[in-house]
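# Residue-level structure breakdown
So the chains spell out like this:
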Protein chains: 2
Amino acid sequence: MKILVDCFGGDNCPKAAVEGAVLAINEKKDLFVSLVGDKATIEGLLAQLSYNKDQLEIIDAKDVITNDDNPIMAIRRKKDSSMVVALNKLHEGDYDGLVSTGNTGALLTGATLIVRLVDGVQRASLVPIIPTVIEGKYTIVCDVGANVDCKPSMLKEFAIMGDVYMRSAFGVENPKIGLLSNGAEEEKGNALTKEAHELLKQSGLNFIGNIEATDMVSGIADVIVCDGFDGNIAIKAVEGMAKNFMTLIKAGVKKGGLKAKIGALLLKDTLRGVKKKMSTDEVGGAALLGIQKVVVKTHGSSTEIPFKVAILQAAKLANDDVCGIIAKGMK
Amino acid sequence: MKILVDCFGGDNCPKAAVEGAVLAINEKKDLFVSLVGDKATIEGLLAQLSYNKDQLEIIDAKDVITNDDNPIMAIRRKKDSSMVVALNKLHEGDYDGLVSTGNTGALLTGATLIVRLVDGVQRASLVPIIPTVIEGKYTIVCDVGANVDCKPSMLKEFAIMGDVYMRSAFGVENPKIGLLSNGAEEEKGNALTKEAHELLKQSGLNFIGNIEATDMVSGIADVIVCDGFDGNIAIKAVEGMAKNFMTLIKAGVKKGGLKAKIGALLLKDTLRGVKKKMSTDEVGGAALLGIQKVVVKTHGSSTEIPFKVAILQAAKLANDDVCGIIAKGMK
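Residues numbered from 1 in each chain as written. Chains lettered and ligands numbered in written order. Predicted model: local features only at pLDDT ≥ 70, side-chain atom pairs only at ≥ 80, totals over all residues. Heavy atoms only, no water.

Right, let's get into the packing of aromatic side chains. Under the criterion given, the structure shown has three aromatic pairs over all chains. Ring centres of Phe-245 of chain A and Phe-245 of chain B lie 4.8 Å apart, and the angle between their planes is 25 degrees; on these two criteria the pair is classed as stacked. A residue pair is termed interchain when its members come from two chains, as with Phe-245 of chain A in helix H8 (residues 228-255) and Phe-245 of chain B in helix H8 (residues 228-255). Each member of the pair, Phe-245 of chain A as well as Phe-245 of chain B, is classed as buried. One cation-aromatic arrangement involves Lys-53 of chain A over Tyr-51 of chain A; the distance from NZ or CZ to the ring centre is 4.8 Å. The side chain of Lys-2 of chain B reaches across the aromatic face of Phe-32 of chain B, ending 5.5 Å from its centre. (Phe/Tyr/Trp six-rings, centres within 6.5 Å; stacked < 30°, edge-to-face > 60°. Helix = DSSP H or I, 4+ residues; strand = E, 2+ residues; numbered from the N terminus. Buried < 20%, exposed > 50% of the residue type's maximum accessible area, 1.4 Å probe, protein only. Lys NZ or Arg CZ within 6 Å of the ring centre and 35° of its normal.)

Structure follows, in structure tokens:
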């Protein structure tokens, strides 16, 4: 497997990308990574690392797409950016996948325009992995913001793609597909979800019906299908609440005197464990499903470990031919 | 102020409703409550309580609308239910407000059909109060499920109503209105929020722009405006995450051995404090805004304290003429 790594554009780039790539090839000896970005800078970072040189190459690219760039403009104009160079290489065919931490909109636009959509897919979907309260169990959400004002048929496509992805990424045999709605009852929903509900019922997928947002992290569904606007709200609400909960506990401990402080000290590992459990750093990035090749987006703040994990994840998805299976599912 | 209390339909009814009403009149000597429901049952409960008899009456109603009832059918057919009798009394004019814990859909339908909408309001909105991480600060969300597939003009109405409500309920002088979207930037959103954004900009309200769901409980906005489908997802995601977080901590403690157990014991008050802070039991129920009279919906699982708080809340909203001010705002 040959994975391209867009080494620029994230908060900790290029260091995190380069170090993550080296960790990945050191862990997986049949993996080849292609680091895309300013060659001199990447070489400088590599000089201090130990790895098998046969597993790595550098593709030079002088420009960088930043988060301030307009996605369409950036893809059109920044031809020598690490992202556009990497996307072109991916399209040309010698590579199996791409990992990037850059501007999400640009990556989506670029992947769609350069690498192209799978035949029959209307729009690519941004699909993150979210943790659940069940040990070792994860849920994916399609879509979380790539597409707003979806049509019902798009939600059905998201479900088909999510089903394929879940089988490959987590080995789930017959993924449970839930439709995010404002009530679990079949008659609940808006115009979009009511129509999508009917399509999903007839899809042949393991459709478990409507689910409520209280179940975002309960593990009730393997694949949560929704309009990107709603998915974005749902995961950000979960994220915000998790963060604020920790803030409240910290504030409570501060106010709670010595007893609370000792309690917090003794409970530190447990709370850290909870925080780690709700983090996806070691689980993988968000896949762009519906693109002809594997594209994985890691969080903008990714350090070397999330990068490593995303690179291994991209290699696995490519190895399992997730894109090919999605293409078949669309026929 | 004369407040009707629908004493049936909730998990802990009629006991919680009757006890809550007595707590309310014992606390507020110029308050009059009218308990609606089966007279003999209510009398039996009152027999054990001490209160000023001049502050209380019973209105007999033999039937009950349950959560299994179809809202429209129930309102049309269960004419002698505590909810329908209370709504009719409210409409007839001698009473200032109503508190109910019954079937939300039926209450919305009944309030709209019987008590009627304020002139110029397209649809009533269900507006809960949610806690924030800022001490003593609360946010309201308009709407959380009463209305799906909203028009942009409805979101503007929600904002006007939320503004009036926030001023009365929490004394906020110039409430900050945030529009829930998939990004804080002005250009982010779906077709609905983009158009609503423009309307809100021109509304004369203190519109702070788009907010993300990470800010549901951060206190960044006083009033969060959204389509009911999205609001429902956002508050349920927050609710679910809070609950699951506690579950994870408990599981972590269980697995963490003696050290974690002692830590949890010492931190018990702090964690309980966080839980209490994220609860709205002592803050108030959800208001039905856009109805000609004050209607407050308490949670189905409400015990006597949430009932008392909701009754006092309804009295305050009525005293502040929130419905009258909303009516003026619609012109």
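As a measure of interface size, the accessible area lost when the parts come together is often cited. Taken together, the contact between chain A and chain B spans 52 residues of the former and 52 residues of the latter. Where chain A abuts chain B, roughly 4500 Å² becomes buried across the two surfaces, and 74% of that area is made up of carbon and sulfur atoms. Our enumeration of links across chain A and chain B arrives at four salt bridges. The salt bridge partner of Lys-259 of chain A is Asp-269 of chain B, with a shortest N-O separation of 3.3 Å. For the pair chain A and chain B, the number of links is eight residue pairs in polar contact (both at pLDDT 80 or more). Those elements that place two or more of their residues in the side of chain A that touches chain B are helix H7 (191-201), H8, helix H9 (257-266) and helix H10 (268-277) of chain A. For the side of chain A that touches chain B, the element with the most residues is H8 of chain A, which contributes 20 residues. (Contact = heavy atoms within 4.5 Å. Buried area = accessible area lost by both parts, 1.4 Å probe. Salt bridge = Lys/Arg side-chain N within 4 Å of Asp/Glu carboxyl O. Polar contact = N/O pair within 3.5 Å; in protein donor to acceptor, adjacent residues only side chain to side chain.)

Aligned on chain B, chain A shows an RMSD of 0.1 Å; the corresponding rotation is 180 degrees and the shift along the axis is 0.0 Å. In symmetry terms, the pair is related by a two-fold rotation axis. For chain A, the smallest separation between a C-alpha atom and the rotation axis is recorded for Gly-263 of chain A, amounting to 1.9 Å. Here 100% of the interface residues in chain A have copies in chain B that are interface residues too; the copies meet face to matching face. (Least-squares fit on C-alpha atoms with pLDDT ≥ 70 in both.)

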